[in-house]
Amino acid sequence: MATPITANTMLTILRASGLHVVESGNWRTHHRNHKGAWGPVHGVMIHHTVTSGAQRTVQLCRDGHPGLPGPLCHGVITKDGRVHLVGHGRANHAGLGDSDVLRAVIAERRTPPPARRDTDGNSRFYGFECENLGDGRDPWPAAQLEAIERASAAICRRHGWNERSVIGHLEWTNQKIDPRGFTMDAMRERIGKRLR
């Protein structure tokens, strides 16, 4: 359990981890905090966007759409490995998920398969949307996977968390399949090695 880091700290730790960070518009004050609390935070959630094209993807994640206002995450990781910061605060990325999963994340142990939708994840997780069609065929370039690893590890290191604090959306709710195209176990192994 932790207080969310400040926007300045987010920018600093991501850049210090060797990432190319792009600040998108008014990201520091772009949030959904009027809909509920952001924090305490317990982990990082990884998503895929079901889009292609960096500019279109970043705009969608920043602005949202009529059925779901933005920001839809905190950072967008495009195929070139850049991290585009689009929001800071509560973001519409996680939705409802399983409280047993949240307890496992807090305890930094393997999560159970999600079965319920009884807990608001938007207030509890940092979210990174990753540019990918999510069809299992769209490639995940090495630069993008490394950026997911570096960004997740930077946040975990700041909070004193281990790699078990990073989950995919599909591990939060049985309503989602993302990220598709790599496994979260493999990504956590990478993050754990970086943290060590």
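Residues numbered from 1 in each chain as written. Predicted model: local features only at pLDDT ≥ 70, side-chain atom pairs only at ≥ 80, totals over all residues. Heavy atoms only, no water.

With respect to the overall build of the protein
Stage number 1. What the protein contains, in helices and strands, is six helices and 10 strands.
Stage number 2. At 15 Å, the protein has a C-alpha radius of gyration in line with the 16 Å of a compact globule built from 196 residues.
Stage number 3. Counting over 196 residues, the protein shows a buried share of 55%.
Stage number 4. When the accessible surface of the protein is split by element, carbon and sulfur atoms take 49% of a total near 8500 Å².
Stage number 5. Taking the 27 positively charged and 19 negatively charged side chains of the protein as two groups, their mean positions are separated by 3 Å. (Helix = DSSP H or I, 4+ residues; strand = E, 2+ residues; numbered from the N terminus. Rg over C-alpha atoms; globule rule 2.2 N^0.38 Å. Buried < 20%, exposed > 50% of the residue type's maximum accessible area, 1.4 Å probe, protein only. Areas by Shrake-Rupley, 256 points an atom, 1.4 Å probe, with all protein chains shown as cover. Lys, Arg positive; Asp, Glu negative; His and termini not counted. Charge placed at Lys NZ, Arg CZ, Asp CG, Glu CD.)

Quick notes on the pairing of strand 9 (residues 125-130)
Stage number 1. For strand 9, the buried fraction is high: six of the six residues fall into the buried class.
Stage number 2. Taking every second residue as pointing to the same face, both faces of strand 9 are buried, with Phe 125, Gly 127 and Glu 129 on one and Tyr 126, Phe 128 and Cys 130 on the other.
Stage number 3. The pairing of strand 2 (residues 43-48) with strand 9 spans six bridges and is parallel. Within strand 9, the position partnered with His 48 by the bridge is Cys 130.
Stage number 4. Bridge analysis of strand 5 (residues 75-77) against strand 9 gives three bridges, and the strand direction is parallel. Each bridged residue has a counterpart across the sheet, and for Ile 77 the counterpart in strand 9 is Cys 130. (Pairing = 2+ DSSP bridges.)

Digging into helix 3 (residues 99-107)
Stage number 1. Among the residues of helix 3, Ser 99, Val 101, Leu 102, Ala 104 and Val 105 are the ones counted as buried.
Stage number 2. In the core, the buried residues of helix 3 are packed alongside strand 2, strand 7 (96-97), strand 8 (119-120), strand 9, strand 10 (166-168) and helix 5 (169-172).
Stage number 3. One side-chain oxygen at the N-terminal end of helix 3 lies 2.7 Å from the backbone nitrogen of Asp 100; it belongs to Asp 98.
Stage number 4. A positive phi of about 55° marks Glu 108, the residue just after helix 3. (Contact = heavy atoms within 4.5 Å. Polar contact = N/O pair within 3.5 Å; in protein donor to acceptor, adjacent residues only side chain to side chain.)

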